[in-house]
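The primary structure of each chain is shown beneath.
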Amino acid sequence: MRRQNQTSNNNIDIIKVIETKLKDKVQIQLGQLGKAAIVTINGLHRDVLKAMVEADEKTAITAITGLDLGPSLGVLYHIRTSNAFLTIRAEVPKDNPKIQTVIDIIPGAIFHELEVADLLGVVFEGNQLVGHFVLSEYWPEGVYPLRKDVKANEIKLNPPPTEEKKQLEYGKVVKIIIGPQHPALLEPEKFAVTVDGETVTKVEPRIGYVHRGIEKAAESRTYLQDVYLVERICGICNTIHACNFVEGVEKILKTEVPPRAKYLRVIALELNRLHSHLLTLGHAGLEIGYETLFQYFWRDREPIMDLIELTSGNRVYSSLMTVGGVRRDLKDTDLPKIKTTLEDLRKKLPFYRQIYENEPSIKARMKKVGVLKREDALKLCVVGPVARGSGVDIDVRKDEPYEAYGEIPFKEIVYTEGDTWARMNVRMDEVEESINIVEYAIDHLPTGPFRGKAPRVVPAGEAVNRVEAPRGELFCYIKSNGTASPERVKVRTPTYANIPAFLKTAIGENIADIPPNFVSLDPCFSCTDR
Amino acid sequence: MIDLDLILRILIFPGFTFILLLTLFCDWVERKLEARLQNRVGPMVAGPGGILQPLADFIKLLTKEDIEPRDAKKTVFKFAPLVAFTIMVFAICFLPIDGASVLSTTGFNGDLIVILTFSTIASFLLFLSGWASCNPYGTIGSARVLTQFLGYDIPLFMLALTPAFVAGSLSIFVIASSQTIPYILLAPWAFVLFIIAMQAELEKGPFDVPDAESEVVGGLETEYTGAKLAFLHLTRDVQIVFGAALVVELFLGGPYGPVFFGLPAFWYSLWFVLKLLAIVIVAEYVTTLFARLRIDQVLSANWRIILPAAILSLMLTVAMVTWVYPLV
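Time to look at the domain arrangement of chain A. Residue and element names in this part refer to chain A. For chain A, the assigned domains are domain 1 (10-150) and domain 2 (214-325 + 333-529). Across the contact, 22 residues belong to domain 1 and 21 residues belong to domain 2. Going through the elements one at a time, β4 (60-68), β5 (72-80), β6 (85-93) and α3 (110-120) are the ones with two or more residues in the side of domain 1 that touches domain 2. Per-element accounting of the side of domain 1 that touches domain 2 gives the leading share, 6 residues, to β4. Per-class residue counts for the side of domain 1 that touches domain 2 are 14 nonpolar, 6 polar and 2 charged.

In structure tokens form, the structure reads like this:
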């Protein structure tokens, strides 16, 4: 079932709610870090969050940022509600970095808390970190890489434990390890799946196999270098990562981007989304043993890759974004080429939609598989097509239009079934919307410069930014201290927010349901690990 | 007294070498066809149109290092693929290929049952080979093989009896040679069901659950390397040829067809290969057309649809044989 053109009828003024409930206890800084930053002390962040959840069911945690503030550690809870984005600030002393967990209020916070605990050593009471979550198993205890006092050349990894001969276990229950090398996952990540016969009873994730420390590396490079560094977080959706960072820097600089640059960015982003969605739609075919579908989708993805090369000069890493605009203009002679290619793709779409909606073996494998109910989707704070497949209408392009998205008409695709089939069909429909957006942007491309003059020096300040990546809401937090390189860059990628959904929905289903369920999240582990 | 002719028949034509080459050729046809259906080119390098690719793959695997897992049950692990391959080739030797079967006899009454049993034993050996490797993926893959072939063996046996009923004999030679009108025309319902059951029995898509790589990696092949893996692959390919050959014998009139000039054996072999290819192509087409089903869907399809349909088909055939065909 497809819902369209629905309007968010949420007019809750979340700031007012907080003001009335916790009048004198918290300090509200309007206009900072989103709509407002709410400064809390002594565990009041839980009360603020509770008040927000009670007032607005769509309250969800986008990310938790940990900051090294010298004598203390800052913990920033970035919260999105149905119509606002705000930040709760909390601080803990460095010598006793304890703070109460919020997973009983918002269960989706669990991974975000664990990451901060692993990388900054904040102890979340009630959500204890055992071992390591994103860091290597051999990482020494008590060394937290994102703290400023860590010296990289002094870190000594623990030696790997000597291998013991394991006794074979006999029994009905089998533990299957999916990953780090497994045909269903194209990137390294480990999921230990306990099965009883063919039924999954438990899934234990272990992420961090490709953790490259990009957040830390960004702190020692200049802003311009960082644009290309964060672009390398993910190969598939690289354009949106660069765009997200660039927008954050522009917010600190308070520079405006010329209108033509905004449209050029939209074209690049939507081409990126097109190729990413086609990739996933095809890959899903591979996961359910439908190789023909995979080959067809990837054949039709190739012209889009050519378009990306045409517009940016590069096939994969477009390197198009720069602070103040884009690096490359679109020639007028190229515009008809883009339009004809997209028109060709549009002609093929009805056939693909027919397959995804009605093909019996696809329906047999995807319908009622990995069902994520709307309540669970809200609780687990999932984003992007996963949320939209479960009837949660969140799309940053609509909710908080960036670039030229406010001026371009397009539909927000929402399905209500919440199963794998719905998630794939959300993407199927979004392919068409993306084509519409690119065509509209080409028709309404403003004239003028494609790059503004951005100031050379970034003043001290901080900014948060959200964009809609192909996989969902992408978030970044940038803190500048006035020097040539940022003090802290935090990126929360969509897959990171969506993994809890997989852990929940896989339980009780067949082993054979794992691959389609998993691929319907469009997992990207190099995004997840950063 | 050693009969040279018999030795040649067993070793060269239509025996071992011919069957092996036919298997590799069918593998190439399958791969090329699948590739063309999927907008790919398929094998291209080894030989004209890549026709030698299956042979090249086989030889490559033979040269690879042979690793045995520490926990594997060594004897079964080593010999199961080899025995399975031998049994499958032996089963094909009972089928009339150039007018007579490899042993140059017309078979005996009941050899249909024997070769169906052979194919079951081969499937069971494949199950054992995965089970003996003591790997979770192999174990689950093997368990799937077992559940699947145990389920589909029953309808397959029943449907194989349909031509036997029409011909009034359990000898493959009699069944094949008595088809003046191919049984595909006399009992098309049984043919369609037989193809589906065969597809499931041979673990081809959409029933390729036991070796679903996105779920259980290599299935029962996970721990196999080198020569053993080569023989596992070859066993699978021979199984496919066996299945297609069985369909040819039971429904398409076997190797028998018009003889224009010269040796009848030549024409019979030609008809046999052409009919076999037709079946292989149909089976591969079905494979490319669908997504893989889930194991519970495969099983419920068997017990709820295929098995009752097979029983109905048998009843229909008996009725037709008794009352309708004598009129034709």
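More follows now that the structure is in view.
Here the focus is the environment of Glu-91 of chain A. All names here are of chain A. Relative to the elements of secondary structure, Glu-91 occurs in strand β6. In this structure the C-alpha to C-alpha distance between Glu-91 and Asp-334, which are 243 residues apart in sequence, comes to 52 Å. Residues in contact with Glu-91, not counting those within four places in the same chain, are Leu-69, Ser-72 and Gly-74.

A few words on unusual backbone geometry. All names here are of chain A. Non-glycine residue Lys-254 carries a positive phi angle of around 55 degrees. Within the fold, Lys-254 resides in the loop between α6 (238-253) and α7 (259-287). One non-glycine residue, Lys-368, lies in the positive phi region at around 60 degrees. Among the structural elements, Lys-368 can be located in the loop between α10 (360-366) and α11 (374-379). For Lys-368, a count of 14 C-beta atoms within 10 Å translates into the label partly exposed.

Our focus in this paragraph is the packing of α6 of chain A against α7 of chain A. All names here are of chain A. Running from N to C, α6 and α7 cross one another at 145 degrees; their axes reach a closest spacing of 8 Å. For the pair formed by α6 and α7, the contact residues are Thr-239, Ile-240 and Cys-243 on the first element and Arg-265, Ala-268, Leu-269 and Asn-272 on the second. For the contact of α6 with α7, a count of residues per class yields 4 nonpolar, 2 polar and 1 charged.

The rules behind each value
Residues numbered from 1 in each chain as written. Chains lettered and ligands numbered in written order. Predicted model: local features only at pLDDT ≥ 70, side-chain atom pairs only at ≥ 80, totals over all residues. Domains from an automatic or database assignment. Contact = placed C-beta atoms within 7 Å. Helix = DSSP H or I, 4+ residues; strand = E, 2+ residues; numbered from the N terminus. Nonpolar A, V, L, I, M, F, W, Y, C, P; charged D, E, K, R; others polar. Buried ≥ 20, exposed ≤ 12 C-beta atoms within 10 Å, placed from the backbone. Axes fitted to C-alpha atoms, helices over the stretch in contact; angles between N-to-C directions.

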